[in-house]
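Below are the chains, spelled out letter by letter.
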Amino acid sequence: MSGKPERDGFLTERRRFAQAVRELCAETVACDAPDELFREVADRVEALVEKLVAEPRRFRTVASSLDEEIRMEGRRYHYGDLLDFSPLAGLANPLAPPMSIRKEDDTKLVATLVFSGAFEGGPGLAHGGYVAAAFDELLGLTQSLTGEAGMTGKLKVRYRSPCPLNTELRMEGRVHQKEGRKIVARGTMHAEDRLVADGEATFVVLEDEVYREKTSRFGEA
Amino acid sequence: MEKSGPQRRRLAAALRLLSVEGVNSDGPKEVYAEAAEMLEEVVKGLRKEPRRMRRVGFRQGKDGFGKREFDFGMVDLSPVSGLANPLAPPLRVQRNEEKRATGTVVYPGSVRTGTGWVHHGYVAASVDEVFGAVLAWMGQPIMTGILDVRFLRPCPVEEEVRIDGWVRRESGGVVFTEARVEVAEGPVAEAHAVFFIVGEDQYKRFEEQRNRKLVAGC
């Protein structure tokens, strides 16, 4: 893609499309339809895949989306990729639950999310791995409030109580410490007043050159 | 025990590809609008179908997991390893010997982050899933207590990733596990975790609660 795409229409339709795929993913797991119906739907989805495969590829620089909610002045971030197409927070990524994130102050982010039945681990409960993934996402964005771009070096999640499906979960992430190239962020996840899990992650700040090298292989940096 | 139908798996595979295209393609907005409209209609149709009640069974099995035969909700519809779950990359898990398991996975472009590498949260989720298979030898439901992952290098998309997990020690109702994540270029991550035995009575309560909610439509 050359230049910036038209932002509003681009993201509106991509988000709507992602939401439709997300709901279909959830229904594939949740419903008990006859195999014949699944066959018909699979035929239509496969035809759609063929159609999209014929479209141009999306390069890394696309319009940003949530910068009205998080403005980090980051010289190295492409917010669209970090957020809108993120597999956890991204409204334009069908795999994402997704997460709604807002900045509360200079060191703290607050997020809400709902795990649908497609994320089921134990019966009626969200898979513990996706709970960890949500922490990685939120704490990763939290550490970037320092103005640096780091990659997860360590992630530790303590599960305090079962994580329910189809229930709004509230997460908080806060920058705990910044020392040299290391940033530590801590967070919690609650279902109503109940603590579901808490987590801590250590991020390693990348040098500009390293970041450019890592991202350049995926298109425009 | 009822198995998930082959067409559900086929649909899941197609949706997995569609999710990748939803992220990787860059067509005109009209293409996505038209597609969304079609998919929304399909969803409406599927919502008229009965809800899937989860089937649970812990019994002596012949599925390679040892003492415990997983119900299809735990395997075929798992969001990490389930062939019938479009969210799953999917991870393939094999139990090598008692107290050890290996998972292999090729992460699709849809789980890529802004840096172009696999989202570390997905790596953590896969490790958790491999630990679940490691602990299948116990024959009892378990839940994650602590998951601790140390990332050594970025994890590439569209390349095979191997996860080896094993039990380090067991003490009462608590099991301590370890794992190593590798790609061809070398190690990606190391992990350790603590799991608690839930007990079948507690597990059945979760199950009953889940099905009550489904019947109530929430």
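The structure displayed is predicted, hence computed values, not measured ones.

### Structural notes on the overall build of chain B
Scanning chain B from terminus to terminus reveals 4 helices and 6 strands. Start at the N end of chain B and walk to the C end: the helices and strands fall as α-α-β-β-α-β-β-β-β-α. Within the span of chain B, comprising 218 residues, buried residues form 48% of the whole. Pairs at least 24 apart in sequence give 62% of the contacts found in chain B among residues at least 6 apart.

### Quick look at the packing of helix H2 (residues 35–53) of chain A against helix H1 (residues 6–24) of chain B
Taken N-terminus to C-terminus, the directions of H2(A) and H1(B) make an angle of 20°; their axes are 8 Å apart at the nearest point. With respect to their mutual orientation, H2(A) and H1(B) come out roughly parallel. Here the hand of the crossing between H2(A) and H1(B) comes out left-handed. Here A:Asp35, A:Phe38, A:Arg39, A:Val41, A:Ala42, A:Val45, A:Glu46, A:Leu48, A:Val49, A:Leu52 and A:Val53 of H2(A) lie close against H1(B), whose contacting residues are B:Pro6, B:Gln7, B:Arg8, B:Arg10, B:Leu11, B:Ala14, B:Leu15, B:Leu17, B:Leu18 and B:Glu21. Taken together, the residues of the contact of H2(A) with H1(B) sort by class into 14 nonpolar, 1 polar and 6 charged.

### Here's the deal with the sheet that holds strand E3 (residues 150–159) of chain A
Adjacent strands of a sheet form backbone hydrogen bonds with each other and so pair up, either parallel or antiparallel. Read across the open sheet, the 12 strands follow the order E1(A)-E2(A)-E4(A)-E5(A)-E6(A)-E3(A)-E3(B)-E6(B)-E5(B)-E4(B)-E2(B)-E1(B); overall the sheet is antiparallel. In this open sheet, the two strands that pair with only one neighbour each are strand E1 (99–105) of chain A together with strand E1 (92–97) of chain B. If you compare each strand with its neighbour and ignore which way they point, the axes differ by 20° on average. Where E1(A) lies against strand E2 (residues 108–113) of chain A, 6 bridges are found, and the strand directions are antiparallel. Within E2(A), the position partnered with A:Met99 by the bridge is A:Leu113. Its contacts with the sheet place helix H4 (residues 128–143) of chain A against E1, E2, E3, strand E4 (169–179), strand E5 (182–191) and strand E6 (194–205) of chain A together with strand E3 (142–151) of chain B, and it is angled at close to 135° to E3(A).

### Describing the interface of chain A and chain B
Contacts between the two partners involve 77 residues from chain A and, on the opposite side, 76 residues from chain B. Residue assignment for the side of chain A that touches chain B shows that the elements contributing at least two residues are helix H1 (7–30), H2, helix H3 (79–84), H4, E3 and helix H5 (208–216) of chain A. Per element, the largest residue contribution to the side of chain A that touches chain B is 16 residues, and it comes from H1(A). Residues of the side of chain A that touches chain B, tallied by class, amount to 41 nonpolar, 14 polar and 22 charged. By the bridge criterion, 5 bridges tie E3(A) to E3(B) in an arrangement that is antiparallel. Residue pairing across strands places A:Lys154 opposite B:Arg150, the latter belonging to E3(B).

### Quick word on the confidence of the model for chain A
All names here are of chain A. When pLDDT is averaged along chain A, the result is 83, and 79% of the positions lie at 70 or above. The model gives residues 1–6 a pLDDT under 50, and that stretch makes 7 contacts with residues more than four places away or in other chains. pLDDT under 50 marks residues 216–221. Its contacts with residues more than four places away, or in other chains, come to 11 contacts.

### Overview of unusual backbone geometry
Negative phi characterises most residues that are not glycine, and trans characterises most peptide bonds. Cis peptide bonds are those with omega within 30 degrees of zero, and the linkage from A:Pro97 to A:Pro98 qualifies with -10°. The amide bond that connects B:Pro89 to the next residue, B:Pro90, takes the cis arrangement and shows omega of -10°. Mapped onto the secondary structure, B:Pro90 falls in the loop between helix H2 (29–46) and E1. In this model, A:Glu192 sits at a positive phi of 55°, which is unusual for a non-glycine residue. Tracing the backbone through its elements, the reader meets A:Glu192 in the loop between E5 and E6.

### As for H2(B)
All names here are of chain B. Helix length check: H2, at 18 residues, gives a terminal C-alpha distance of 26 Å against a target of 26 Å (1.5 Å per residue), a fit within 8%. Along H2, the residues classified as buried are Tyr32, Ala35, Leu39, Val43 and Leu46. Buried residues of H2 fall within an arc of 80° about the axis and therefore sit on the same side. Turned more than 90 degrees away from the buried face of H2, the exposed residues are Glu30, Glu41 and Lys44.

### Quick word on the pairing of strand E5 (residues 174–183) of chain B
Residues and elements named next belong to chain B. Pairing of strand E4 (residues 160–171) with E5 involves 9 bridges; the strand directions are antiparallel. Opposite Glu170, over in E5, you have Val175 as the bridge partner. Linking E4 to E5, which pair antiparallel, is a turn of 2 residues; within it Gly172 sits at a positive phi near 60°. Pairing analysis gives 10 bridges linking E5 to strand E6 (residues 186–197), with the strands arranged antiparallel. Residue pairing for E6: Thr177 is matched across the bridge by Ala193.

Calculation criteria
- Residues numbered from 1 in each chain as written.
- Chains lettered and ligands numbered in written order.
- Predicted model: local features only at pLDDT ≥ 70, side-chain atom pairs only at ≥ 80, totals over all residues.
- Helix = DSSP H or I, 4+ residues; strand = E, 2+ residues; numbered from the N terminus.
- Buried ≥ 20, exposed ≤ 12 C-beta atoms within 10 Å, placed from the backbone.
- Contact = placed C-beta atoms within 7 Å.
- Axes fitted to C-alpha atoms, helices over the stretch in contact; angles between N-to-C directions.
- Parallel < 35°, antiparallel > 145°, perpendicular 65-115°, else oblique.
- Left-handed = near helix turned anticlockwise from the far one by under 90°.
- Nonpolar A, V, L, I, M, F, W, Y, C, P; charged D, E, K, R; others polar.
- Pairing = 2+ DSSP bridges.
- pLDDT = per-residue confidence, 0-100.
- Expected span 1.5 Å × (residues − 1).
- Arc of directions from axis to C-beta.

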